[in-house]
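Results of the structural survey
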Amino acid sequence: MIGRSTFGIACLAVVTVACYPGRSVDATSEFVSVTTLYDQAAPFEAVKKYALPDTVLYVPKKENEEVPAATQTAILSAIRTNLNALGWTEVTNARATPVDVYVVAAVTSTTYVGWVYDYWGYWGWYPYWPVSYGASTNWYYPPYWYAYSYTTGTVVLGMIDGRPAASNGQRAPLVWSAGVNGVLDDAATNITIATAGINQAFQQSPYLSAGVQ
Amino acid sequence: MRPFVEAQSVHRAGTRRVICTLSLVVLVAAPLAGGNAQVLTQPYIGTLSYTTASPAGDSKDFANNFSWLGFTVEGDWFARKNLSTGFIVGWQEIYNEKNGDQFTFTNGAVTGRTYKHLEALPILARARYWTGSPGETFHAFAGLGLGTYWVKQTVDVGIYTADESHWHFGVAPEVGLLMVTGYGVGWTLNARYNYPVAAGDYLSGTSNAWSYWGFGIGLTYTH
């Protein structure tokens, strides 16, 4: 993952706590969610071999910019570890050795801009209001709305059925997908969150090893 | 689902504070207007209560957490010495936050830190039967409220939020005790079972009866 928006994260936390009583947001990791979807007809139990491309792409593609090498390495390593734990075997040359599935990874990000209402600033301003109001030329409007932005990142994983019979001459079907979504922080935190999310994606997909029940 | 900062809900914090401030003004000013009237002999009795809540039924299944955030404004007019009719308007928030919560659906699952939130706005007409006679310190009462509840259900997962709100028909049986401390001012303790009848199409795709036990302590005055 890329980018850093500490102020945005702080504002996000402020907005969260202000709107939602009792909610505590102490770390970027608390904004993370992991979503997995699968094809209920896919024969996961029959998968033995997989191919994993050596690149993690930006989606949409960014001109002259690639996902940082350390991030790519961490994401691919986490995926590989989990696939191997399923008992599947990696094939490095899928053209020479047919595989059952291809697993791909991509990163996408979106920036949100919003406003936060600082009601504490409002109360701080209020006691001075009569004075300023009395001298009408000095009257001012309280600056208790602040603009902020934050950027979310998503690691997207896809598993494509690579067997010729599965595609039946058509587009090869996507049989499993996962999204690790959260607010971007510094690079090290992003990698930690991404790899933990990938592990969670496999953990909540037991059908990959046992098959769809 | 959408990022929750896009929910335009930031206005609510300010609105809530204004409501709380106005409520405090009423809390302080109202008893002064009560003079030295006596309960059961005056036509009107008003109560501002701080309320807590213990979720029940669907509310408990959704967010099983005791609520310390609520209030009611209540008024009663005595039709007879021991029988009053009145109203209840209130606000109660029930919420629960949990790490690693997981929602499963037919072809997948989503996991994350979840924040589940119910906001309930009861608007009820009610009748109360009072024990005792004018001049006594303690008056027990039992009542029944009928009316409507507006309930909003919110679920946050990670940066995403989803919400749904509906109006419900509802009933609210209650019991309680009024202690008169003098000058027509007193304290009220009550327990009320709030039962908004199942309605709506909430986030789970079903109608829900967001019931909860409300426990209130209130400042009461007669006028």
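Residues numbered from 1 in each chain as written. Chains lettered and ligands numbered in written order. Predicted model: local features only at pLDDT ≥ 70, side-chain atom pairs only at ≥ 80, totals over all residues.

Focus on the overall build of chain B
The test is simple: A run of H or I in DSSP becomes a helix once it reaches four residues, and a run of E becomes a strand once it reaches two; helices and strands are each numbered from the N terminus. Two residues qualify as being in contact provided that their C-beta atoms, derived from the backbone, are within 7 Å of each other.
Of regular secondary structure, chain B possesses 2 helices and 9 strands. Counting helices and strands in the order they occur from the N terminus, chain B gives β-α-β-α-β-β-β-β-β-β-β. If you take every contact in chain B between residues at least 6 apart in sequence, the share linking residues at least 24 apart comes to 63%.

Structural notes on helix α2 (residues 69-85) of chain A
Residue and element names in this part refer to chain A. Our working rule: Between the first and last residue of a helix there are one fewer steps than residues, each counted as 1.5 Å, and that sum is the expected span. Here a residue counts as buried when 20 or more other C-beta atoms fall within 10 Å of its C-beta, as exposed when 12 or fewer do, and as partly exposed in between; the C-beta atoms come from the backbone. Regarding the arc, it is the one traced by the directions from the helix axis to the C-beta atoms.
Here α2 spans 24 Å end to end across 17 residues, near enough to the 24 Å set by a 1.5 Å rise per residue. Every buried residue of α2 is listed here: T71, A74, I75, A78, I79, N82 and L83. Buried residues of α2, seen end-on, are gathered within an arc of 160 degrees and therefore sit on one face of the element. Of the exposed residues in α2, the ones pointing more than 90 degrees away from its buried face are A69, A70, S77 and N84.

Digging into the pairing of strand β7 (residues 174-183) of chain A
Residue and element names in this part refer to chain A. Here is the rule we go by: Pairing between two strands is assigned when DSSP locates at least 2 bridges connecting them.
Within β7, 7 of the 10 residues are buried, leaving the element largely enclosed by the surrounding structure. When strand β1 (residues 33-38) meets β7, the two strands line up antiparallel, connected through 6 bridges. Looking at the pairing, V34 lines up with V180 of β7.

Considering the pairing of strand β8 (residues 185-196) of chain B
Residues and elements named next belong to chain B. Direction of pairing for strand β7 (residues 160-182) relative to β8: antiparallel, over a ladder of 10 bridges. Note on β8: the bridge partner recorded for G182 is V185. Counted between consecutive antiparallel strands, the loop separating β7 from β8 contains 2 residues, among which Y183 sits at a positive phi close to 55 degrees. Taken together, the 10 bridges between β8 and strand β9 (residues 212-222) define a ladder with antiparallel strand orientation. The partner of A191 across the bridge, within β9, is F215.

Focus: the packing of α2(A) against helix α6 (residues 187-203) of chain A
Residues and elements named next belong to chain A. Here is the rule: In this analysis an axis means a line fitted to C-alpha atoms, helices contributing only their contacting stretch, and an angle means the value between N-to-C directions, from 0 to 180 degrees. Roughly parallel refers to an angle under 35 degrees, roughly antiparallel to one over 145, roughly perpendicular to one between 65 and 115, and oblique to any angle outside these ranges. Definitions for this section: a left-handed crossing has its near helix turned counterclockwise from the far helix by less than a right angle. A right-handed crossing has that turn clockwise. Residue classes follow a fixed rule: Ala, Val, Leu, Ile, Met, Phe, Trp, Tyr, Cys and Pro count as nonpolar, while Asp, Glu, Lys and Arg count as charged, and any other residue, Gly among them, counts as polar.
Put simply, α2 and α6 touch, their axes get as near as 9 Å, and they point 20 degrees apart. Put simply, α2 runs roughly parallel to α6. The way α2 lies across α6 gives a crossing that is right-handed. For the pair α2 and α6, contact is made by A70, T71, A74, I75, A78, I79 and N82 and by A187, N190, I191, A194, T195, I198, N199 and F202, respectively. Partitioning the contact of α2 with α6 into residue classes produces 10 nonpolar, 5 polar and no charged.

Some remarks on α6(A)
Look at α6(A): 24 Å from first C-alpha to last across 17 residues, which is about the 24 Å you get at 1.5 Å a residue. Taken residue by residue, α6(A) has A:N190, A:I193, A:A194, A:T195, A:G197, A:I198, A:Q200, A:A201 and A:F202 as its buried positions.

Points about the confidence of the model for chain B
Detailed reading of the predicted model is not advised wherever pLDDT is low. All names here are of chain B. Spelled out, the test is: The predictor's confidence in any single residue is recorded as pLDDT, a number from 0 to 100.
In this model, chain B carries an average pLDDT of 84, and 81% of its residues clear a pLDDT of 70 or more. Note on residues 1-18: pLDDT is under 50 here. Beyond four places in sequence and across chains, it has 34 contacts. Contacts for the low-pLDDT stretch residues 24-37, under 50 throughout, to residues beyond four places or in other chains number 24 contacts. Overall fold confidence for the complex sits at a pTM of 0.70, while the interface term, ipTM, reaches 0.71.

Details of the nonpolar core
The criterion, for reference: Note on terminology: a nonpolar core is a set of buried residues of type Ala, Val, Leu, Ile, Met, Phe, Trp, Tyr or Cys, with members joined through C-beta atoms within 7 Å.
Judged by nonpolar contacts, the single largest core of 43 residues is most densely connected at A:Y50, A:I75, A:I79, A:V155, A:L157, A:V180 and A:I198. Taken together, the elements giving at least two residues each to this core come down to β1, β2 (49-51), α2, β5 (101-117), β6 (145-161), β7 and α6 of chain A together with β6 (138-157) of chain B. Excluding residues that lie within four positions of it along the chain, A:V155 makes contacts with A:I75, A:A105, A:V107, A:V180, A:A194, A:G197 and A:I198. Within the second largest apolar cluster, 12 residues are counted, among which are B:A53, B:Y95, B:Y115 and B:Y149.

A closer look at the environment of B:A198
Residue and element names in this part refer to chain B. The residue A198 is located in the loop between β8 and β9 in this model. Assessed through the 16 C-beta atoms surrounding it within 10 Å, A198 is described here as partly exposed. Ignoring anything within four residues of it in the chain, the contact list for A198 reads S207, N208 and A209.

So, the confidence of the model for chain A
Residue and element names in this part refer to chain A. Mean pLDDT over chain A stands at 76; residues scoring 70 or higher make up 68%. In this model, residues 1-12 is a region of pLDDT below 50 whose contacts with residues beyond four sequence positions or in other chains number 33 contacts. Contacts for the low-pLDDT stretch residues 120-143, under 50 throughout, to residues beyond four places or in other chains number 10 contacts.

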